[in-house]
Amino acid sequence: MIRWPDKLCVSIAEADPVRCQQLLLKYPFAEIRLDALDGDLADIRRLFAGPGTLIATCRPGLLDDDVRGQRLRAAMAAGAAWVDVEREAPDAWREAVVAAARQHGCRVIVSHHDFADTAALPELRRLTDDCFGRGGEVAKIACLVREPRENARLLALLDDPRPVVPVGMGPAGRLTRILAPWLGSPFTFCAPDDGPATAPGQLTRAEMLAAWECLPDE
């Protein structure tokens, strides 16, 4: 079985900082969705100053870009191992976050999300190149999968020698989440066993571990 601490990132979207801290004690590799957190910058610094490998993510929608930037910078200064920024973010905003990441020794994920479709493979490859071109050390390509065969397009991105995290959203995309780490993705995302999912089709940690039992050892 693939060793989950190395490959399985638990995505935490909790409003309560205390509840978030409790989950971090259970999951040593986690993504904290700062757009969901109902806390201040001191709460963020406390969360990211603790042990574990943590990804700081703050999706657009609920917060304006100034607040998102402040939250991500606080996380990076406190010890975030990774920061996730959107490919579609304004260039100046994204470049400022990437520059702060370099200053704090924090690695950068540039992510692309398509909640409507999975593009043809040439377009997915172009988007992957664009993620790296915009400062990503890892490219995350997350697309809604409508038909099971569309998983093959996302998994084909793992032919790239650079680190790519393909994510199939929706129930039909779960195969991508299960197989991607086995085929070379540096990690994948799951929900806490006792918390909400942060994306459609996201499996819990326990469900991912059960699925991996069927795969050959690394």
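Description of the structure in this document. Numbering of residues starts from 1 in every chain and runs along the sequence as written. The model is predicted, so local features are restricted to residues of pLDDT at least 70 and side-chain atom pairs to those at 80 or more, both for listing and for counting; the totals for chains, interfaces and linings are taken over all residues. Water and hydrogen atoms were dropped before computing side-chain values, which therefore reflect all heavy atoms in the structure.

1. A short note on the overall build of the chain
Step number 1: Each helix and strand counted, the chain has 9 helices and 8 strands in total.
Step number 2: It is over C-alpha atoms that the radius of gyration is taken, and the globule rule equals 2.2 Å times the number of residues to the power 0.38. In terms of C-alpha radius of gyration, the chain reaches 16 Å, essentially the compact-globule figure of 17 Å for 218 residues.
Step number 3: Seen through its principal axes, the chain has C-alpha atoms that stretch 45 × 35 × 30 Å.
Step number 4: Think of it in three bands: residues with accessible area under 20% of the maximum for their type are buried, residues over 50% are exposed, and the middle band is partly exposed, with areas taken using a 1.4 Å probe on protein chains only. Relative to its 218 residues, the chain shows a buried fraction of 54%.
Step number 5: Whether two residues touch is decided by their heavy atoms; if any such pair falls within 4.5 Å, the residues are in contact. Relative to all contacts within the chain whose residues are 6 or more apart in sequence, the contacts with residues 24 or more apart total 64%. Numbering of helices and strands runs from the N terminus, with a helix taken as a DSSP run of H or I at least four residues long and a strand as a DSSP run of E at least two residues long.

2. Concerning the nonpolar core
Nonpolar side chains in soluble globular proteins generally cluster together in the buried interior.
Step number 1: With 57 residues, the main nonpolar core has L34, F48, L72 and V83 as its most contacted residues.
Step number 2: Broken down by element, the residue count for this core peaks at 5 residues, all from helix α5 (residues 91-104).
Step number 3: Once you skip the residues sitting within four places of it in the chain, L34 turns out to touch I44, F48, A56, T57, C58, L63, R71, L72 and A75.
Step number 4: The term nonpolar core refers to a set of buried residues drawn from Ala, Val, Leu, Ile, Met, Phe, Trp, Tyr and Cys, joined through side-chain atoms within 4.5 Å. Counting residues in each nonpolar core, the second largest holds 12 residues, with C9, F29, I109 and V165 among its members.

3. Brief notes about α5
Step number 1: Expected helix span is given by 1.5 Å per residue-to-residue step, counting one fewer step than there are residues. Taking 1.5 Å per residue, 14 residues should reach 20 Å; α5 reaches 20 Å between its end C-alpha atoms and fits that length.
Step number 2: Contact partners of the buried residues in α5: α4 (65-78), β4 (82-86) and β5 (107-114).
Step number 3: Positive phi shows up at G105, right after α5, with a value of about 70°.

4. Considerations on the environment of F187
Step number 1: Along the chain, F187 falls in the loop between α8 (174-179) and β8 (188-190).
Step number 2: By relative accessible area, which is 4% here, F187 ends up buried.
Step number 3: Residues F187 and D6, spaced 181 residues apart in sequence, show a C-alpha to C-alpha distance of 7.2 Å.
Step number 4: Leaving out residues up to four positions away in the same chain, F187 has contacts with K7, F29, I55, W82, I109, V165 and P181.

5. Digging into the pairing of β4
Step number 1: For β4, the buried fraction is high: 5 of the 5 residues fall into the buried class.
Step number 2: Taking every second residue as pointing to the same face, both faces of β4 are buried, with W82, D84 and E86 on one and V83 and V85 on the other.
Step number 3: Only strands joined by at least two bridges in the DSSP assignment are considered to pair. Direction of pairing for strand β3 (residues 53-57) relative to β4: parallel, over a ladder of 3 bridges. Across the sheet, the residue bridging to I55 is W82, located in β4.
Step number 4: Crossover β3 to β4 through α4 is right-handed.
Step number 5: In terms of strand pairing, β4 meets β5 through 5 bridges, oriented parallel. Looking at the pairing, E86 lines up with S111 of β5.
Step number 6: By convention, a crossover is right-handed whenever its connection, traced from the first strand over the helix to the second and viewed with the strands pointing away, goes clockwise. Handedness of the β-α-β unit built from β4, α5 and β5 comes out right-handed.

6. Some details on the packing of aromatic side chains
To describe a pair of aromatic rings, you give the distance between the ring centres and the angle between the ring planes.
Step number 1: Note on ring pairs: Phe, Tyr and Trp rings are taken, using the six-membered ring of Trp, and paired if centres are within 6.5 Å. Classes follow the plane angle, with under 30 degrees stacked, over 60 edge-to-face and the rest tilted. The tally for this structure, following the rule as stated, stands at 3 aromatic pairs.
Step number 2: Seen in terms of ring centroids, F29 and F187 are 5.5 Å apart; in terms of plane orientation they differ by 85°. Their pairing is edge-to-face. With a gap of 158 residues between them, F29 in strand β2 (residues 29-33) and F187 in the loop between α8 and β8 connect regions that are remote in the sequence.
Step number 3: Here the aromatic rings of W82 and F187 are separated by 5.7 Å at their centres, their planes lie at 70°, and the arrangement is edge-to-face.

7. So, helix α6 (residues 121-133)
Step number 1: Here α6 is 13 residues long and its end C-alpha atoms lie 18 Å apart, about the 18 Å a rise of 1.5 Å per residue gives.
Step number 2: Residues of α6 that are buried include every one of L124, L127, T128, D130, C131 and F132, and no others.
Step number 3: Lining the buried residues of α6 we find β5, β6 (138-144), α7 (151-156) and β7 (164-169).
Step number 4: Following α6 by one or two positions, G135 has its phi on the positive side, about 105°.

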